[in-house]
Amino acid sequence: MSRVVVITGGAKGIGKAIAEQFADDQVHPPGHDELDVTDEEAVQAFFERVGRVDVLVNNAGLAVGAPLAHTTLDDWRAHLDVNATGAFLCTRAVLGGMIERGDGRIVTVASVAGLVGARYTAAYSASKHAAIGLMRSTAAEVAGTGVTANAVCPAYVDTDMTRRTIENIVAKTGRTADEAQAEIEKMTPLGRLLEPNEVAAAVVFLASPEAAAINGQTIVLDGGGLQT
């Protein structure tokens, strides 16, 4: 039976790769233009239109790096709004129906920054920590109901978001784009950027029937550097 899958931020990058791997299902991959996950009324209206949701992937995200002293309150709030509140609003919208049916999968695309701190990522890291905390609390509530909530935590992925990070490094340090990317790649034991399909594969696994016993967990995709 085809499942109904919603992937926020599904128009490009990791979200698009996830949508492609759910090709046999009924997939709704709204980009920001279709769904602003920070807007409570918009979220409610979107999920009312969709109806039953079997799999929710909280993928919509924001990432802007800056030293803590130069992080504005607007930047801080924007990260929390998209990365944490967005996941909360979407999770809340589907949770009741999943519990009632006794089946459902919620997967949050978080980050290794949601498990450890790093320089120049205060707003991003805090928001991803919040998203993981939400996932774990949700998992505790749904334990034994047939619904699961988990997260994937990738290191840097070859997406537009990472390319903007590279451009930011170039602008602020005078390094070349290749030098900036090499610096980022050194931060993971993989020695390279992840491919979106690698993240998508982990999401699809957590959404599968075979992963029914996995709940409240984080799958780290960084090549083995972070042990949780």
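Nothing here was measured: the structure is a model prediction, and the numbers come from that model. (Residues numbered from 1 in each chain as written. Predicted model: local features only at pLDDT ≥ 70, side-chain atom pairs only at ≥ 80, totals over all residues. Heavy atoms only, no water.)

## Here's the deal with the pairing of strand β4 (residues 104–109)
Here is the rule we go by: Each residue gets one of three labels from its accessible area relative to the maximum for its type: buried under 20%, exposed over 50%, partly exposed in between, using a 1.4 Å probe on protein chains only. By definition, any uninterrupted DSSP run of H or I lasting at least four residues is a helix, any uninterrupted run of E lasting at least two residues is a strand, and each is numbered from the N terminus. DSSP-based pairing: two strands are paired if at least 2 bridges between them are found. By convention a crossover is right-handed if, when the strands point away from the viewer, the path from the first strand over the helix to the second runs clockwise.
With respect to burial, β4 is a largely interior element, 6 of its 6 residues being buried. The alternating pattern of β4 places Gly104, Ile106 and Thr108 on one face and Arg105, Val107 and Val109 on the opposite face, and all of these are buried. Two elements, strand β3 (residues 55–58) and β4, share 4 bridges in a ladder whose sense is parallel. Bridge pairing links Val57 to Val107 in β4. What joins β3 to β4 is helix α3 (residues 73–101), and the crossover it makes is right-handed. Bridge analysis of β4 against strand β5 (residues 147–154) gives 6 bridges, and the strand direction is parallel. From the neighbouring strand, Gly104 faces β5, where its bridge partner is Val147. After leaving β4, the chain enters helix α4 (residues 122–142) and then returns to the sheet as β5, a path that is right-handed.

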